[in-house]
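Here are the chains, one letter per residue:
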Amino acid sequence: MHATVENLRKAVRGAVLWPGQDGYEAARTLPNAMIDRRPAFIARCTGTADVIACVRFAREHDLLVSVRGGGHSVAGKSVCDGGLMIDLSAMKGIRVDPVARTVRAETGLKLGEFDRETQAFGLATTQGVVPTVGMAGLTLGGGWGNLHAKYGLAVDNVIAADVVTADGRLLTVSATENQDLFWGVRGGSGNFGVVTSLEFRLHEVGPVFGGAVFYPAAKAKEVLHFWREFAVASPDELVTQGGSFTLPDGVPVFGVAGCYCGPISEGEKLLKPLRTFGPPLADAFAAMSYTQLQGMFEPFFPPGRQVYTKSNFLRNLSDEAIDVLVQYVGKSPSPYTFAPFLEHWHGAATRVPVAATAFPHRQYSWNFLAWSMWLDASDSEKNKRWTRECWEAVRPFLVAGSYGNYVADEGEVIAREAYGPNYDRLVALKNKYDPTNFFRMNHNIKPSEVAQPVAVT
Ligand SMILES: Cc1cc2nc3c(=O)[nH]c(=O)nc-3n(C[C@H](O)[C@H](O)[C@H](O)COP(=O)(O)OP(=O)(O)OC[C@H]3O[C@@H](n4cnc5c(N)ncnc54)[C@H](O)[C@@H]3O)c2cc1C
């Protein structure tokens, strides 16, 4: 063991941690308190050379590998039991080219850090809506957010990536280099290698008209009917999401949040009906900076809570589906839960052909989420049971496919559904770039014939 650690320490410029060392416990801890895994080694990489060294070391010692970006995978995929955790969290280099409107970003960045740098130039690209989430994990799995209807998902804005593959080579992928892998990286969720940096197209964004309006939970049915018609008529500049949750003062509400990224006065006019069709409990819509809007949800998602989620796209938001959804509004056993919750998917992201990137879900308007969070592990059974009950009730209206980044449960069937009609092409790519399934701590695409690496404790 001692000689093995020494070899790894010599090979890597960043810190190498193992059980019992200062910093090890913090480095293995994820925001989702339900995940409790102990890697044999954690390598805090400083750059691509460290990542290559880690991949080669793990291969040589037949170690299971996990890759940590922001650590927010609800399934806890970024930390392994035994094996080597390749921790990218110190890799935060980022360079905006304001003339070309592109950004090259290392994959330890969180969304808030990424948005801050691009907004310094009045630019942005689609990322998610909670600033502590990792830019890489979110992007590699799809990346839905406030700009998706105007500019596409995060994956749709990727123009190049550097990938360390399972054989320890660095490949650059783009529309002109390693095109097959470029396709697979955009939605393949880390199955093909460690992505050390991503290059994105940027757009002029901000300030925006955004915020949220909160209605009494008892009015959920009226809000859902109104919002459904309102959302269908939304221009690409407007993205809305909403559902049942509890305000910090303990009041259960049905809230709808939104971001309009066009001219402020038009956003104000457009959103007025949603804010006034009935008397709201509170209205927090206003003109604000894009980064202010992007930070709005952060207080609701602190680290250290137990998290369990279920999510699938809705076939459509029918009257019958609404009737079932409202039965669960305000009923979660935990005041920290967001469920039932809906995201409206539309515009540019839904105009991309299903086979254009590995991310397949382009045809649905509504994504259903039950995002349960609670404090105490002793309440886990109760909260997980309720989450499943809520999802089971809505299930007749759901398609099998789900956005992999929102799924806590795992297994072959769930992974297959997450990749939808692109699955077989992804398997062919996995056979080519990772035939031994070296990268399997993810929503896994199994190669056709696998010799599994082992966990070493
Ligand atoms: C509070 C919260 C809010 C969220 N909001 C949104 C949202 O608005 N929109 C949205 O689309 N999603 C959202 N998500 C889901 C989010 O996209 C996923 O949880 C995503 O996996 C987080 O990425 P990460 O880097 O933080 O996670 P990690 O756990 O570090 O990584 C997730 C997966 O990607 C792999 N991975 C990470 N980085 C790399 C890399 N550089 N190379 C290869 N593989 C890598 C990991 O191995 C793991 O399998 C949210 C999640 C949470 C917890």
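Let me begin by describing the structure that accompanies this report. Note that the coordinates shown come from a computational prediction; the quantities given were computed from them, not determined experimentally.

Observations regarding helix α3 (residues 48-60)
Here's step 1: Helix length check: α3, at 13 residues, gives a terminal C-alpha distance of 18 Å against a target of 18 Å (1.5 Å per residue), a fit within 8%.
Here's step 2: Along α3, the residues classified as buried are Asp50, Val51, Ile52, Ala53, Cys54, Val55, Phe57 and Ala58.

A closer look at the pairing of strand β12 (residues 208-216)
Here's step 1: With eight of its nine residues buried, β12 lies for the most part within the structure.
Here's step 2: In this structure, β12 lies alongside strand β16 (residues 286-288), joined through three bridges in antiparallel fashion. Bridging from a neighbouring strand, glycine 210 pairs with alanine 286 of β16.
Here's step 3: Where β12 meets strand β14 (residues 252-260), eight bridges bridge the pair, whose relative direction is antiparallel. Bridge pairing links tyrosine 215 to phenylalanine 254 in β14.

A short note on the packing of aromatic side chains
Here's step 1: The full count for this structure, using the stated rule, is 24 aromatic pairs.
Here's step 2: Aromatic pair phenylalanine 214 and phenylalanine 245: ring centres 6.0 Å apart, planes at 75 degrees, arrangement edge-to-face. Separated by 31 residues along the polypeptide, phenylalanine 214 in strand β12 and phenylalanine 245 in strand β13 (residues 238-246) bring together distant segments of the chain. The burial state of phenylalanine 214 is the same as that of phenylalanine 245; both residues are buried.
Here's step 3: Taken together, a centroid distance of 5.6 Å and an interplanar angle of 85 degrees make the contact between phenylalanine 300 and phenylalanine 338 edge-to-face. Taken together, the residues phenylalanine 300 in the loop between α10 (290-294) and β17 (306-313) and phenylalanine 338 in strand β18 (residues 338-344) connect sequence positions 38 residues apart. Phenylalanine 338 matches phenylalanine 300 in its accessibility class, with the two residues each being buried.
Here's step 4: Three or more aromatic residues joined by ring pairs make a cluster, and in this case those are Trp144, Phe313, Trp345, Phe359, Tyr364, Trp371, Tyr403 and Tyr406.

Quick word on the environment of alanine 58
Here's step 1: Tracing the sequence through the fold places alanine 58 in helix α3.
Here's step 2: Taking relative accessible area as the criterion, alanine 58 reaches 0% and is therefore assigned buried.
Here's step 3: Each C-alpha atom, one on alanine 58 and one on glycine 83, is 7.8 Å from the other, the two residues being 25 residues apart in sequence.
Here's step 4: Those residues in contact with alanine 58, other than ones at most four positions away along the chain, are Leu63, Val65, Leu84 and Phe438.

A few points about the pairing of strand β2 (residues 41-44)
Here's step 1: Pairing of strand β1 (residues 16-17) with β2, which is carried by two bridges, proceeds in the antiparallel orientation. Within β2, the residue paired with leucine 17 across the bridge is isoleucine 42.
Here's step 2: Pairing of β2 with strand β4 (residues 84-87), which is carried by four bridges, proceeds in the parallel orientation. Residue pairing in the sheet places isoleucine 42 in a bridge with methionine 85 of β4.

Brief notes about the nonpolar core
Here's step 1: Met135, Trp144, Leu198, Phe297, Phe301, Phe338 and Trp371 are the most contacted members of the largest nonpolar core, which totals 69 residues.
Here's step 2: Here this core takes five residues from helix α15 (residues 423-433), the largest share from any one element.
Here's step 3: With residues up to four places along the chain from it excluded, the contact list for tryptophan 371 reads Val74, Phe301, Val307, Tyr308, Thr309, Thr337, Phe338, Ala339 and Tyr406.
Here's step 4: By size, the runner-up hydrophobic cluster in this structure holds 36 residues, among which are Ala217, Val324, Ala339 and Trp366.

Describing the sheet that holds strand β5 (residues 94-97)
Here's step 1: Taking strand neighbours across the sheet as the criterion, the five strands line up as β5-β6-β10-β8-β9 in an open arrangement whose pairing is antiparallel. Across the chains shown, the open sheet's two edge strands, defined by having one partner strand only, are β5 and β9 (170-174). Sheet twist, expressed as the average angle between the axes of neighbouring strands with direction ignored, equals 10 degrees.
Here's step 2: For strand β8 (residues 158-164) and β9, the ladder comprises five bridges, and the chain directions are antiparallel. Paired with valine 163 across the bridge in β9 is leucine 171.
Here's step 3: Across the sheet, helix α4 (residues 111-119) is in contact with β5, β6 (102-106) and β10 (194-201); its angle to β5 comes to roughly 30 degrees.

So, how was this worked out
- Residues numbered from 1 in each chain as written.
- Predicted model: local features only at pLDDT ≥ 70, side-chain atom pairs only at ≥ 80, totals over all residues.
- Heavy atoms only, no water.
- Helix = DSSP H or I, 4+ residues; strand = E, 2+ residues; numbered from the N terminus.
- Expected span 1.5 Å × (residues − 1).
- Buried < 20%, exposed > 50% of the residue type's maximum accessible area, 1.4 Å probe, protein only.
- Pairing = 2+ DSSP bridges.
- Phe/Tyr/Trp six-rings, centres within 6.5 Å; stacked < 30°, edge-to-face > 60°.
- Contact = heavy atoms within 4.5 Å.
- Core = buried A, V, L, I, M, F, W, Y, C linked by side-chain atoms within 4.5 Å.
- Axes fitted to C-alpha atoms, helices over the stretch in contact; angles between N-to-C directions.

That's the geometry; what it means functionally is another story.
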